Amino acid sequence: MNAVNGILVTLGALASIAVGVLILLVVTQTLSPQAVPVPVLQQQLAGMVGHTGAAWWRDIGIAAGFIVVGLLILVLESRALTRTAAPGMVLVSSDANGVVRLSVESIVQLAQRTAQGNREVRSVRCNVHAGPSGLTINCAAGLRMGADVPAVTSDVQHDIREVVERLTGLNVVDVPVRARYQGDRDQPVLTR
């Protein structure tokens, strides 16, 4: 029922904006009232043609009021939609069978465990941002002293992207990795 209400409110807001634009077009004599396909509006708009002075400004104010109210309703409805979305959840799928969401924390854990599977990674912390085109998984990795940073970070990026996409079905757009060496004081650095 919430979705139906949201659609009805959105349609009402769009109708309010459309009426405001029609009033502006008629009052500024850009559009003839007879060109409006709704007979009830034709009659109302015909009464606004030819106004001057204060009446003209009143009509412009009415048009602006319809437009502002419509835009305000759209903004409030979009805020209500973002509030009703489950916090900390990412939409995996929505179809006739229902809606599937996955917690962001689950994706973080999956990414971190995947990165820790690389023997050169000593520690890792990830966070996930869900954007319109997919996930961005930011990671800060502590690498074994002497590890090949470009090779290890490339492997970590590839592995995280592949595992998260395969297991969740979500698109991963970017996996930025900030790396630093993390080692024991007594461990020698291997050079070649």
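Before reading further, recall that the structure is shown in the block above.
Criteria and cut-off values
Residues numbered from 1 in each chain as written. Predicted model: local features only at pLDDT ≥ 70, side-chain atom pairs only at ≥ 80, totals over all residues. Heavy atoms only, no water. Salt bridge = Lys/Arg side-chain N within 4 Å of Asp/Glu carboxyl O. Buried < 20%, exposed > 50% of the residue type's maximum accessible area, 1.4 Å probe, protein only. Helix = DSSP H or I, 4+ residues; strand = E, 2+ residues; numbered from the N terminus. Core = buried A, V, L, I, M, F, W, Y, C linked by side-chain atoms within 4.5 Å. Contact = heavy atoms within 4.5 Å. Expected span 1.5 Å × (residues − 1). Arc of directions from axis to C-beta.

**Student:** Would you mind showing me how to read the pattern of salt bridges here?
**Tutor:** Side chains bearing opposite charge may pair, as long as their charged atoms lie close to each other. On inspection of all chains with the given rule, the structure shows four salt bridges. A salt bridge links Glu-120 to Arg-119; the shortest N-O distance between them is 3.2 Å. When its relative accessible area of 73% is taken as the criterion, Arg-119 is described as exposed. With a shortest N-O distance of 2.7 Å, Arg-144 and Glu-120 are connected by a salt bridge. One end of the pair, Arg-144, is in the loop between strand S4 (134-143) and helix H5 (149-168); the other, Glu-120, is in the loop between helix H4 (104-116) and strand S3 (121-131), and 24 residues separate them in sequence. Exposure remark for Arg-144: the relative accessible area of 17% places this residue in the buried category. Note on Glu-120: relative accessible area 10%, which makes it buried. In this structure, a network of salt bridges that share partners links the residues Arg-119, Glu-120 and Arg-144.

**Student:** Quick question: what am I supposed to make of the nonpolar core here?
**Tutor:** A general trend in soluble globular proteins is that nonpolar side chains are found buried together. Grouped together as the largest cluster of nonpolar side chains are 23 residues, with contacts concentrated most on Ile-107, Leu-135, Ile-137 and Ile-160. Only H4, S3, S4 and H5 provide two or more residues apiece to this core. Here this core gets five residues from one element, more than from any other, and that element is S4. Ile-107 has contacts with Val-90, Leu-102, Val-128, Leu-135, Ile-137, Val-164 and Leu-170, leaving out every residue within four places of it along the chain. Residues Ile-23, Val-26, Leu-45 and Ile-60 belong to the second largest nonpolar core, which totals eight residues.

**Student:** Even after reading the chapter, I still don't get H5, so can you show me in this structure?
**Tutor:** An α-helical segment advances 3.6 residues per turn. Residues three or four places apart therefore align on the same side. The end-to-end C-alpha distance of H5 is 28 Å, a good match for the 28 Å that 20 residues give at a rise of 1.5 Å each. When we look at burial in H5, the residues that qualify are Val-152, Thr-153, Val-156, Ile-160, Val-163, Val-164 and Thr-168. Around the axis of H5, the buried residues are gathered within 110° of arc, so they sit on the same side. Every exposed residue of H5 that faces more than 90 degrees away from the buried side is listed here: Pro-150, His-158 and Arg-166. With its phi angle positive at about 80°, Gly-169 sits one or two positions after the end of H5.

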